[in-house]
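Analysis of the macromolecular model
Here is how the chains run, residue by residue.
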Amino acid sequence: MTDDPFVTHRSLLFTVAYELLGSAADAEDVVQETWLRWDRVDQSEIEDPRAYLARIVTRQSLNRLRTVKRRREEYVGEWLPEPLLTSPDVAEDVEFAESVSIAMLTVLETLKPAERAVFVLKEVFDFGYDDIATAIEKSPAATRQIAHRAREHVAARRPRIEVDRSEQQRVVDRFMAAIESGEVQLLLDVLAPDIVLVADGGGEVGAALRPIRGPKTVARLLSNFRSIVPDAQVSSMWVNGAPGARIELDGALDTVISLVVENGRVSRIYSMRNPRKLGGLDAEANLSR
């Protein structure tokens, strides 16, 4: 039924789950679990299906977070979110694009589960405190306190993306051209003084186990790209609402790169190489709020 509220809000439910979990595969599982619960209730008794469904998907996501906690604690190297292929339309809603960016999702990883849920539901999806309180099984007063802590935590760590998307694309293009050239000075010209490179290989493929910091160190590393993989194919793509790049080796996707641009330079590089996280990039993700 096309008028089924679950169908109407499915992309929103996936987006909520993805922002809470950082994994498209886990988010899809949670959405399916939400549908099973939705299908068993008397839907005629539900006054606000959107809020009701969001509560279910939030609770299921929090349950899933508990089960994946140990998996992430034992993860080899740095853990980065599963990247999504998004349409340019996502970037037009700047606040929403920032909320699903790889940079923001890595910040959300540093929140406690309840804080993450409250922040996402309030700041991204603008649910009321009463609905959020019901979803996380706390009082509205406690929920407001959690929201305050979460906002302060995120504000202290979030990157300040103040450039428009066309300017961001120009910087990304300069960055990729510098990598192709292999010239250290061109790389230094496009890297911010506080540049940090984070790579996620998950123990499956080669990747730095810790963040790499500083323009000289990062530039030297990136300058070797073409000498190491001379036949790699590099192309642009929209990654989680922002311009990014994909690298293919022998026709297979090898790496997805997401960048943070601040003051005309690249301040963060996220290199996602774990093949288990690259399987869902053939089709655009349906995201909404």
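Here is a short report on the structure shown in this document. (Residues numbered from 1 in each chain as written. Predicted model: local features only at pLDDT ≥ 70, side-chain atom pairs only at ≥ 80, totals over all residues. Heavy atoms only, no water.)

So, on to the nonpolar core. The nonpolar side chains of a soluble globular protein tend to be buried with one another. Ranked by internal contacts, the top residues of the largest apolar core, which has 49 residues, are Phe14 and Leu108. Residue assignment for this core shows that the elements contributing at least two residues are helix H2 (10-21), helix H3 (24-40), helix H4 (49-73), helix H7 (102-108), helix H8 (113-124), helix H9 (129-136) and helix H10 (140-155). Non-local contacts of Leu108, meaning those with residues more than four positions away in its chain, are made with Glu19, Arg116, Phe119, Val120 and Val154. (Core = buried A, V, L, I, M, F, W, Y, C linked by side-chain atoms within 4.5 Å. Buried < 20%, exposed > 50% of the residue type's maximum accessible area, 1.4 Å probe, protein only. Helix = DSSP H or I, 4+ residues; strand = E, 2+ residues; numbered from the N terminus. Contact = heavy atoms within 4.5 Å.)

With that out of the way, let us pick up the pattern of salt bridges. Counted by the stated rule, this structure contains 20 salt bridges. Note that Glu33 is salt-bridged to Arg64, the shortest N-O span being 2.8 Å. Within this pair, whereas Glu33 is found in helix H3, its partner Arg64 is found in helix H4, the two being separated by 31 residues in sequence. For Arg64, a relative accessible area of 14% gives the class buried. In this structure, Arg149 engages Glu115 in a salt bridge whose closest nitrogen and oxygen atoms are separated by 3.4 Å. Linking Arg149 in helix H10 with Glu115 in helix H8, this pair joins segments that are 34 residues apart in sequence. A cluster of three or more residues bridged by salt bridges with shared partners is formed by Asp26, Asp29, Glu33, Arg64 and Arg71. (Salt bridge = Lys/Arg side-chain N within 4 Å of Asp/Glu carboxyl O.)

Spatial ordering of the open sheet is given by E2-E1-E6-E5-E4-E3, a layout of six strands whose pairing is mixed. One side of each edge strand has no neighbouring strand; the edge strands of this open sheet are strand E2 (212-213) and strand E3 (233-239). Relative to strand E5 (residues 252-262), strand E4 (residues 242-249) runs antiparallel, the two sharing six bridges. Within the sheet, the bridge partner assigned to Ile247 lies in E5 and is Thr255. (Pairing = 2+ DSSP bridges.)

Glancing now at H8. Taking 1.5 Å per residue, twelve residues should reach 16 Å; H8 reaches 16 Å between its end C-alpha atoms and fits that length. Within the span of H8, buried status applies to Glu115, Arg116, Ala117, Val118, Phe119, Val120, Leu121 and Val124. Those residues of H8 that are buried are in contact with H2, H4, helix H6 (94-99), H7, H9 and H10. Just beyond H8, the residue with positive phi is Asp126, at close to 60°. (Expected span 1.5 Å × (residues − 1).)

In this section: the packing of aromatic side chains. Within the structure shown, the criterion is met by two aromatic pairs. Aromatic side chains Phe14 and Tyr18 sit 6.1 Å apart centroid to centroid with 10° between the ring planes, which places their arrangement in the stacked category. Taken as a pair, Phe14 and Tyr18 lie in helix H2 at a separation of four residues, close to a single helical turn. Each of the two residues, Phe14 as well as Tyr18, counts as buried. Their ring planes at 55° and their centres at 6.0 Å tell us that Trp38 and Tyr52 sit as a pair that is tilted. A residue pair is termed long-range when its members are at least 10 positions apart, and Trp38 in helix H3 and Tyr52 in helix H4 qualify at 14 residues. Judged by relative accessible area, Trp38 falls into the buried class, the value being 1%. The residue whose ring lies beneath Lys122 is Tyr129, and the NZ or CZ to ring-centre distance is 4.7 Å. (Phe/Tyr/Trp six-rings, centres within 6.5 Å; stacked < 30°, edge-to-face > 60°. Lys NZ or Arg CZ within 6 Å of the ring centre and 35° of its normal.)

Geometric values such as these leave the question of function open.
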